[in-house]
There are 2 protein chains.
Amino acid sequence: MHFKVRAAAKEDCKDISRMIMELAVYENMPDQVKTSHEDLERDGFSPNPFYECLIAEVPDEHKTKDGYTVVGYALYFYTYSTWKGRSVYMEDLYVMPDFRGKGIGTGLMAKVAQVGFMFHCMADPNWNSSIYLPCSLVGVEKQCVRLQLSVLDWNKPSLDFYIAKGAEDLTAKEGWHFLRFHGQTLDTLAKEAPKD
Amino acid sequence: MHFKVRAAAKEDCKDISRMIMELAVYENMPDQVKTSHEDLERDGFSPNPFYECLIAEVPDEHKTKDGYTVVGYALYFYTYSTWKGRSVYMEDLYVMPDFRGKGIGTGLMAKVAQVGFMFHCMADPNWNSSIYLPCSLVGVEKQCVRLQLSVLDWNKPSLDFYIAKGAEDLTAKEGWHFLRFHGQTLDTLAKEAPKD
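Given the structure is predicted, the values throughout are model-derived calculations rather than measurements. (Residues numbered from 1 in each chain as written. Chains lettered and ligands numbered in written order. Predicted model: local features only at pLDDT ≥ 70, side-chain atom pairs only at ≥ 80, totals over all residues. Heavy atoms only, no water.)

**Structural notes on the packing of aromatic side chains**
One pair of aromatic rings is described through two measures. These are the centre distance and the angle between the planes. Quick note on the threshold: Only Phe, Tyr and Trp rings are paired, with Trp represented by its six-membered ring, and only when their centres lie within 6.5 Å; those with planes under 30 degrees apart are stacked, over 60 edge-to-face, the remainder tilted. Categorising residues by exposure relies on relative accessible area from a 1.4 Å probe, with only protein chains included: less than 20% of the type maximum marks a residue as buried, more than 50% marks it as exposed, and the intermediate range marks it as partly exposed.
One pass over the full model with this rule turns up 18 aromatic pairs over all chains. The interplanar angle of 65° and the centroid separation of 5.3 Å between the aromatic rings of Phe161(A) and Tyr162(A) together place this pair among those described as edge-to-face. Given the relative accessible area of 26%, Phe161(A) is considered partly exposed. Connected via pairs of aromatic rings, a cluster forms that spans Phe45(A), Phe50(A), Tyr51(A), Tyr76(B), Tyr78(B) and Tyr80(B).

Following this line, the structure appears as structure tokens:
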């Protein structure tokens, strides 16, 4: 099936928000989603955005029964390794069930890898316009040396997909554990900060 | 012991680079460090920096036998949760051995948590000057809802430190595995990207 991978625009946030919920339902945690499409618009399409996003779009003749042509997304951001340097982290990769097995997931992930390799964030005078493009698509090399992501161990289909594509499981191989402060523990920790 | 936590300046990159190597030696992987202080200067002190860094400094009377007064650092960057929104990730937290047990590590980490809570990145006309301040220290709320990090399972002292401070081990609790594409696998993946 023909599909196109393109940078998400501000007006795609409703579609992205819909698919974030679909992914959360698949992961059995729909009640965990607290972000709205307005949050996504503010956080991804302003100066110094917190994330960038690519979407997969199919032609009208393949639209879903609900009329959707945006059928997948990859949301990512740039990180840093003090050993290796510039890196990119893919937070979400999702393709609607009826559109799986057609290379769309690989296309989205490969594009994230290419964006990490090829592009660099530059100031964009149109940052707040509806035709804002993620800074990664504006130009100049970013030269990321890593693409990283996290997967739930019970999500075997996804784990197998990434491993088959060549990803290393660093938790299994090196024993990396992922830790989080949030809510009250984050609040308490922040209060321990020394005075300036 | 009195110490000060402040935003790293471009000229601190040699100290940061020295401590990155000390941390890598502690983690038994000194040969893994490929970043130079010039890389750190370019990647952290330019527009749209890849990371921000806080350093801990002691008064001259407490300087090390080698004459160092910069004795610890916390390097972090901003990430995004599609469920919860704005987050901060602490890539490294390090305090030189002779200065541990004095609250410096807690002070650095707490300041990262506070920065995530309190500040927001803004355009800085002095981005390339030697007095450049990380954008997180420029002003306005960032309102991150999470502080995340990764720890090697054999690094029990660090794991215990974070857990004691209230961190949740999401790998143990929810089964999150950390995956990575790099080198040839990243190159191969990027080549699979669909044409624009």
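**Details of the packing of helix α1 (residues 13-26) of chain A against helix α2 (residues 37-44) of chain A**
Residue and element names in this part refer to chain A. Put simply, the test is: Every axis corresponds to a line fitted to the C-alpha atoms, with the helix fit spanning only the stretch in contact, and the corresponding angles, defined between N-to-C directions, vary from 0 to 180 degrees. To qualify as a helix, a DSSP run of H or I must reach at least 4 residues; to qualify as a strand, a run of E must reach at least 2; elements of each kind are numbered from the N terminus. Any angle between 65 and 115 degrees counts as roughly perpendicular, while under 35 counts as roughly parallel, over 145 as roughly antiparallel, and the rest as oblique. The crossing is said to be left-handed when, going from far helix to near helix, the turn is anticlockwise and less than a right angle, and right-handed when the turn is clockwise. Between two residues, a contact is recorded if the distance between any of their heavy atoms is within 4.5 Å. All residues other than Ala, Val, Leu, Ile, Met, Phe, Trp, Tyr, Cys, Pro, Asp, Glu, Lys and Arg, Gly among them, are scored as polar; the first ten of these are nonpolar and the last four charged.
Interaxial distance between α1 and α2 falls to 8 Å at its minimum, and their mutual angle equals 120°. Between α1 and α2, the interaxial angle falls into the category oblique. Here the hand of the crossing between α1 and α2 comes out right-handed. Between α1 and α2, the contacting residues are Cys 13, Lys 14, Ile 16, Ser 17 and Ile 20 on the first element and His 37, Leu 40 and Glu 41 on the second. A breakdown of the residues in the contact of α1 with α2 according to their chemical character gives four nonpolar, two polar and two charged.

**Overview of the sheet that holds strand β1 (residues 4-7) of chain B**
How we decide: The criterion for strand pairing is that DSSP finds at least two bridges linking the strands in question.
With mixed pairing, the seven strands of this open sheet are ordered in space as β1(B)-β2(B)-β3(B)-β4(B)-β5(B)-β7(A)-β6(B). Each edge of the sheet is formed by a strand with only one pairing partner; in this case those strands are β1 and β6 (168-169) of chain B. Sheet topology places strand β7 (residues 176-182) of chain A next to strand β5 (residues 146-152) of chain B; seven bridges connect them, and they run antiparallel. Bridge pairing in β5(B) places Arg180(A) opposite Gln148(B). Together, β2 (52-57), β3 (70-81) and β4 (85-95) of chain B form the strand contacts of helix α1 (residues 13-26) of chain B, whose direction differs from that of β3(B) by roughly 85°.

**Observations concerning the sheet that holds strand β6 (residues 168-169) of chain A**
Strand order in the open sheet formed by seven strands is β1(A)-β2(A)-β3(A)-β4(A)-β5(A)-β7(B)-β6(A), with mixed pairing between adjacent strands. The open sheet terminates on both sides in strands that have one partner only, identified here as β1 (4-7) and β6 of chain A. In this sheet, strand β3 (residues 70-81) of chain A lies alongside strand β2 (residues 52-57) of chain A in antiparallel orientation, the contact comprising six bridges. Looking at the pairing, Glu57(A) lines up with Val70(A) of β3(A). This element, α1(A), spans β2, β3 and β4 (85-95) of chain A of the sheet and lies at about 85° to β3(A).

**Focus on the pairing of β5(B)**
Residue and element names in this part refer to chain B. Counting buried positions over the seven residues of β5 gives seven, a clear majority of the element. Judged by which residues are buried, β5 turns out to be covered on both faces: Arg 146, Gln 148, Ser 150 and Leu 152 on one side and Leu 147, Leu 149 and Val 151 on the other are all buried. Sheet analysis places β4 next to β5, joined by three bridges and oriented parallel. From the neighbouring strand, Val 88 faces β5, where its bridge partner is Leu 147.

**Describing unusual backbone geometry**
Residue and element names in this part refer to chain A. Positive phi, normally seen in glycine, also occurs at Asn 28, with a value near 60°. By the element assignment, Asn 28 lies in the loop between α1 and α2. Look at Asn 28 and you get exposed, because its relative accessible area is 58%.

**Thoughts on the interface of chain A and chain B**
The condition is simple: When two parts are brought into contact, each loses some accessible area as probed by a 1.4 Å sphere; the total of that loss over both is the buried area. A side-chain nitrogen of Lys or Arg and a carboxyl oxygen of Asp or Glu constitute a salt bridge if their distance falls within 4 Å. Here a polar contact is taken to be a pair of N or O atoms separated by no more than 3.5 Å, where protein atoms must pair a possible hydrogen donor with a possible acceptor and residues adjacent in sequence count only if both atoms sit in side chains.
Contacts between chain A and chain B engage 83 residues on the former and 82 residues on the latter. For the pair chain A and chain B, the summed buried area comes to about 8,200 Å², and 61% of that belongs to carbon and sulfur atoms. Here chain A and chain B share four salt bridges between them. Applying the counting criterion to the chain A and chain B interface returns 36 residue pairs in polar contact (both at pLDDT 80 or more).

**Notes on the confidence of the model for chain A**
All names here are of chain A. Counted only if it meets this: One number per residue, pLDDT, summarises how confident the predictor is, and it ranges from 0 to 100.
Model confidence for chain A is summarised by a mean pLDDT of 87, while 87% of its residues fall at 70 or above. Across chain A, the element-wise mean pLDDT spans from 88 in helix α3 (residues 104-118) up to 97 in β6. Low confidence marks residues 119-141, where pLDDT is under 50. Its contacts with residues over four positions away, or in another chain, come to 59 contacts. Interface confidence for the predicted complex, given as ipTM, is 0.86, next to a pTM of 0.87.

**Let's talk about the pattern of salt bridges**
Side chains carrying opposite charge are able to pair once their charged atoms draw close together. According to the stated counting rule, one finds 24 salt bridges over all chains in the structure shown. A salt bridge links Glu57(A) to Arg6(A); the nearest nitrogen and oxygen atoms lie 2.9 Å apart. Residue Glu57(A) is located in strand β2, and its partner Arg6(A) is located in strand β1; the two are separated by 51 residues in the primary sequence. One network of salt bridges, in which partners are shared, links Asp39(A), Arg42(A), Asp43(A) and Arg86(B).

**Some details on empty space enclosed by the protein**
For clarity, the cut-off: Only protein atoms enter the 1 Å grid, on which a cavity is a set of points fitting a 1.4 Å probe that cannot get out and a pocket is an open set with protein on both sides within 12 Å along at least 5 of 7 lines, lining residues being those with an atom within 4 Å of a point. Grid points are joined across faces, edges and corners, and a volume is the space filled by probe spheres set on the points.
According to the stated counting rule, one finds two cavities of 30 Å³ or more in the structure shown. Size it by volume and the second largest cavity reaches roughly 40 Å³. Considering the residues around the second largest cavity, the lining is formed by Ser150(A), Thr171(A), Trp176(A), His177(A), Phe178(A), Ser150(B), Thr171(B), Trp176(B), His177(B) and Phe178(B). If you list the elements that add at least two residues to the lining of the second largest cavity, you get β7 of chain A together with β7 (176-182) of chain B. Here the residues of the lining of the second largest cavity sort into four nonpolar, six polar and no charged.

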